[in-house]
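Remarks on the overall topology
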Amino acid sequence: MRDHLCLSNLATALRPRKGEMTRAAIVEAAMGIAARDGLEGLTIGTLADQMQMSKSGVFAHFGSREDLQLAVLKEYVRRFVDDVLRPAVKKPRGLPRLEALLDRWVAFLAREISLGCIMIAGAVEYDDRPGPSATRCLDHHGWKAELLKAIRQSVQEGHLARGTDAQQMVFEIYGLMLVMHQDARLLRSADSAKRAAPGCAA
């Protein structure tokens, strides 16, 4: 009887964990589809086929296609923060931190070039379509505030000239990243990341 209760308790404890693992696997597969086909190309049916699951099985984890899209965007932002922002803010204030932010951003985009950046694609898809997905894309652009902060700290530390226009610098950095993405994706240039990196440090 005791053994039966122990096995029952173990099964109960493992059930939520298995559900979380399945959900994480679904999101991982969904990110691959979204990178290739865009968030609007992400459907429950396509995902179910790729995961070799039923549509109802996918729906058990995500109540709608929109919920799935939002989960993908949320996971993308989490990875961006973990890979780019968190390590960079450990650097000293000023230019070392700003350079780390930019170097890690270039590296992050470079890893995605073979498929495409979900956030850049999402910005194009939702730039004139209000809704939760558009809001989530805009949330990511709170990243601009982090860049502004790092640039202004660089000015305060004397690493950049006092007359530096932080807003203009952020604008140009974003432009550089978008050019890097287009140069690699559309023009198939092999050295886009290498060309972007010196521009960020300049």
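These lines cover the structure that appears in this document, whether it is placed above or below.

Rules of the game
- Per chain, residues are indexed from 1 in the order of the written sequence.
- Residue-level local features of this predicted model are given only where pLDDT is at least 70; pairs of side-chain atoms are given and counted only at 80 or more, and the full residue set underlies all totals for whole chains, interfaces and linings.
- The side-chain figures draw on all heavy atoms in the structure; neither hydrogens nor water molecules are used.
- Salt bridges, as used here, are contacts in which a Lys or Arg side-chain nitrogen is within 4 Å of a carboxyl oxygen on Asp or Glu.
- Put simply, DSSP H or I for four residues or longer makes a helix, DSSP E for two residues or longer makes a strand, and each gets a number counted from the N terminus.
- With a 1.4 Å probe rolled over the protein chains alone, any residue whose accessible area is under 20% of its type maximum counts as buried; one over 50% counts as exposed, and the rest are partly exposed.
- Aromatic pairing here means that ring centres of Phe, Tyr or Trp (its six-membered ring) are within 6.5 Å. Orientation follows from the plane angle: under 30 degrees is stacked, over 60 is edge-to-face, and everything else is tilted.
- Nine residue types can take part in a nonpolar core, namely buried Ala, Val, Leu, Ile, Met, Phe, Trp, Tyr and Cys, and a core is a set of them joined through side-chain atoms within 4.5 Å.
- We call two residues contacting when some pair of their heavy atoms lies within 4.5 Å.
- What a helix should span is 1.5 Å times the count of its residues minus one.
- Under the rule applied, a polar contact is a pair of N or O atoms within 3.5 Å (in protein, one hydrogen donor and one hydrogen acceptor; residues adjacent in sequence only if both atoms are side-chain atoms).

**Observations concerning the pattern of salt bridges**
One pass over the full model with this rule turns up 9 salt bridges. One salt bridge in this structure joins D82 and R86, with 2.8 Å as the shortest N-O distance. In this pair, D82 and R86 are both assigned in helix α4 (residues 65–88), 4 residues apart and thus about one turn of the helix distant. Using a relative accessible area of 29% as the deciding quantity, one classes D82 as partly exposed.

**Some points on the packing of aromatic side chains**
For any pair of aromatic rings, the description rests on two quantities: the centre-to-centre distance and the angle between the ring planes. The full count for this structure, using the stated rule, is 6 aromatic pairs. Note on F80 and W105: the rings are 6.4 Å apart at their centroids and 90° apart in plane angle, and the pair reads as edge-to-face. Here W105 lies in helix α5 (residues 95–112) and F80 lies in helix α4, a separation of 25 residues in the sequence. When sorted by exposure, F80 lands in the same class as W105, which is buried. Ring centres 5.5 Å apart and planes at 90° place the aromatic pair W105 and W143 in the edge-to-face group. Highlighted residues: W105 in helix α5 and W143 in helix α8 (residues 143–156), separated in sequence by 38 residues. The residues W105 and W143 share a single accessibility class, namely buried. An aromatic cluster of at least three residues, connected via ring pairs, comprises Y76, F80, W105, F108, W143 and Y174.

**Topic: the nonpolar core**
Residues L47, L68, V72, W105, I118, W143 and L147 are the most contacted members of the largest nonpolar core, which totals 51 residues. At the level of secondary structure, the elements contributing two or more residues to this core comprise α1 (2–37), α2 (44–51), α4, α5, α6 (118–126), α8 and α9 (166–185). Tallying contributions element by element places α4 first for this core, with 10 residues. Ignoring sequence-local partners within four residues, the contact set of I118 consists of M31, A34, A35, L39, V72, L73 and Y76.

**Here we look at α5**
In this model, α5 (18 residues) spans 26 Å end to end at C-alpha, consistent with the 26 Å of a helix rising 1.5 Å per residue. The set of residues buried in α5 consists of R97, L98, A100, L101, L102, W105, V106, F108, L109 and E112.

**Here's the deal with the side chain of S154**
Within the secondary structure, S154 sits in helix α8. Accessibility expressed as a relative area gives 0% for S154, which makes it buried. One polar contact links the side chain of S154 to the main-chain carbonyl oxygen of A150, over a distance of 2.9 Å. Ignoring sequence-local partners within four residues, the contact set of S154 consists of G94, L95, L98, H159 and L160.

**Things to note about α8**
Note: α-helices contain 3.6 residues per turn, so residues at a spacing of three or four share the same orientation. Compared with an ideal rise of 1.5 Å per residue, which puts 14 residues at 20 Å, α8 spans 20 Å between its outermost C-alpha atoms and is within 8% of the ideal. Taken together, the buried positions of α8 are occupied by W143, L147, L148, A150, I151, Q153, S154 and V155. One or two positions beyond α8, positive phi appears at G158, with a value near 80°.

Nothing here speaks to function; it is geometry throughout.
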